[in-house]
Every structure is written in structure tokens, then in C-alpha cells.
Amino acid sequence: MFVKEMVKQSLPLLILCGLGAVVAGSILGLMNAPDPESNLFIRIPGLIVVIPAIIAMRGNISSAFGSRLGSAYHLGVIDVDNLWNKELNENIFGSFVLSLLTSTFIGILAYITSFILGVYPNPFLIISIVVVSGLISGIVLNILTIGIIYIVFKRGYDPDNITGPALATFGDIITILCIYTSILLLGGLI
Amino acid sequence: MIYNWKKIVKTGFPILTFAVLIEIFAGSILQNNQNIIFVFPIFLLSIPVLNSVSGNIGIILGARLASGLHVGYITAKVDDKRMHENLFTAIVLGLVTYTILAIIIYFGAVFSNLNKGIELTEFVGIFVSTGFLLICLVALSSIFAAFISFKRGLDPDDMVAPVVTTVGDILGISFLFLMISIFGVGI
């Protein structure tokens, strides 16, 4: 029974998330332009190295957030009528602090890795791209997470089957867009 | 009060640090294969999809195990029946999802003129075999992470996602380039 329930609730969302990942991949494709002049990975050495790290950080923090809220729901700590409480605030603040710490760490690590790989990027640019895109995507995703959780509760689904995939996917698209945006914002520095 | 932001940061940060270190390594593999990606953009499109599906299934599995462990209807043992049902479903779910998405990506790429010289069967073969290897290892690491963290008194909800997505990203990128060379694309 539960195999059927799990497949029924998860498969459509998994396919949808996969399609979302295609969108995410296409944005990477835009950055990987065939013309070397406008290919961001060629213009900004070291950029392709930090991309998996930024995406992973974002996905990890928001999925853990969603997963914790799933358990909180099973434990009866939060529900649709009692969503915005102290427990939720602690979760929001915790994930925000994690975003800030980890973004800074990735930035510094990217700077060090660039020397090991023999690529010599502008360290200030790489660190700014990571921190700016990490923070913007963090704020956007925290808001989105609470929205998704609210809808999932309203519909009476098991949050464990829904929030993880939904967050990871929206997270990927939003994060790649934020990386792109912060490159455009910081473009004057290239 | 069950949750405390300091505890969330304390549990999350060390594993995130570790995850980020491995992801930088995954990024280096991408850097080294930048030529294949440049010549066959269809594989750049595939990477987020491979990683996203394996990550999602690993997270679903982990979240289900975490809730089960918290409430007590799953025990952290190798022969737990509900755990095996969950593992089996995860692998089936993965194979079905990867096959459907492989076909969609291929025709999407053909439609948008991104595909150069790769047959449908060849692409589906590379994609689904990468996906199958990936989903098996990701599901096992999900179970492993959930059980170990639960036994150590840590919240599995904080541990599973980083472990699963990190393992998935590095293995997804590695298996993809492995399968590309086994199938002999680009040589």
C-alpha cells in the first residue's frame, strides 16, 4: 500500500522537479555560451568550480529545513493553525546563520582552490559572487519554503514526500539565477 | 521547545563544510571536462537533472526514515522490513523517473538544436545507466546517514540531506563522464 502511496505522491513531483532541473541546466547552458567572448566560464576563471558548491549549499540548507519541519509536523509541534511559532522562528534563524557562514566559507575556499588548480581568478570577484548569490537565494528560499509548507499542510499531504524535492528544485533554479544575477550586478568588476 | 538555532547551526555547519569541500572537488571534475561540455551541451543539461533526481529520492527516503525513527515505527537495523520496502521503492522510483526524463531531455535538445551526433538509444543508455548506479548508491548512503545519525543522538533530518546530495553530486558527475567514455562518445 505504502509503495503505491509513495509513488503516487512522489512521481509527478519528481518528474516536475526533473523538468525544473532541465530549466536549471538551461540557465547554465546560457552561461556556457558557444561564443568564447560571452562564455562566462571562460571569462571568469574558477566560476565553474564554485557552482556545484553554491547549489549544494543552498539545496542542503533548505532541504534540511523542510525535512525538520516535516518531523515537527509528525511530532505535532507545528500544524496549519499553529505554523508561525517560536519553533519555526528558531528554524528560520538557524538556516539563515548557516547560509551566511557557509557562503563565506565557500568564497574563501574558492580563493584557495584557485591556486591549487593553477587558475588565477580575481579572488575578490569570486568571493563576492558566492556571498551575494548565497544571501539573495537564502532570503528568497526561506520565504518560498514557508509558502510551500503552508500549502502542503493545507492539502493534508505528508510533508516528507513533498517539501524536499520541491525545495531542492526551486532552490537549484533560484540559486543559478542568483549566481547569474550577482555576476551581472558585479559585472563592472570583471 | 524542540528546535534551537544554535543546535541547528552546530549540527549543520560541520557537515556542510565537508559537503562544500567535496563539491569543490566535483567542480574541479567539471573544469577538467569543460571540453566535453562545450562540444556536447546536452550533457551539461543532464548534470542538474541526474543530481536533482537522485538527491530528491535520497531526501524523500531519508525524511521518511527520519520520521519513522522519531516516531518509532522504523528501527535502525539492517533487517528492518519497512526500511527495505522504502529502499526498493526508491530504486524503482529512480529508474522510472530517469527513463522518462532521458527521453524528454533528448527530444528537448533535438528541438532546440543542442544535440550534435548522439543517438536516442545512446543518450538514454548513458543517462539511465548513470542514474541506476547513482540511485543505488545514494539510497544506501541515505539509509546509512539516517541510521548512524539517529544512533548517535543527532537529528537525521539535519544529516541526511547534506550527505545524500553531496554523495549524489560527486558520483553523478563522475559516473556521467565514466559512462560517456564507456559508450565512447566524443572519441
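This text gives an overview of the structure that appears in the document. In this text, all values refer to a predicted model and were calculated from it rather than measured experimentally.

A look at the interface of chain A and chain B
Move 1: Contacts between chain A and chain B engage 61 residues on the former and 57 residues on the latter.
Move 2: Among the elements of the structure, α1 (2-31), α3 (47-74), α4 (86-117) and α6 (159-185) of chain A are those that each provide at least two residues to the side of chain A that touches chain B.
Move 3: For the side of chain A that touches chain B, the leading source of residues is α3 of chain A, giving 18 residues.
Move 4: When grouped by side-chain class, the residues that make up the side of chain A that touches chain B number 35 nonpolar, 20 polar and six charged.

Comments concerning the environment of F105 of chain A
Move 1: Looking at where F105 of chain A falls in the secondary structure, it is placed in helix α4.
Move 2: The spacing of F105 of chain A and G70 of chain A is 35 residues in sequence and 28 Å in space, taken between C-alpha atoms.
Move 3: If we ignore the near neighbours within four places in the chain, the residues touching F105 of chain A are T17 and V20 of chain B.

Focus on the environment of S99 of chain A
Residues and elements named next belong to chain A.
Move 1: Positionally, S99 belongs in helix α4.
Move 2: Under the C-beta neighbour-count criterion, S99 is labelled buried, with 23 such atoms within 10 Å.
Move 3: Put simply, S99 and L144 are 45 residues apart on the chain and 15 Å apart in space, counted from C-alpha to C-alpha.

Reading guide: rules and limits
Residues numbered from 1 in each chain as written. Chains lettered and ligands numbered in written order. Predicted model: local features only at pLDDT ≥ 70, side-chain atom pairs only at ≥ 80, totals over all residues. Contact = placed C-beta atoms within 7 Å. Helix = DSSP H or I, 4+ residues; strand = E, 2+ residues; numbered from the N terminus. Nonpolar A, V, L, I, M, F, W, Y, C, P; charged D, E, K, R; others polar. Buried ≥ 20, exposed ≤ 12 C-beta atoms within 10 Å, placed from the backbone.

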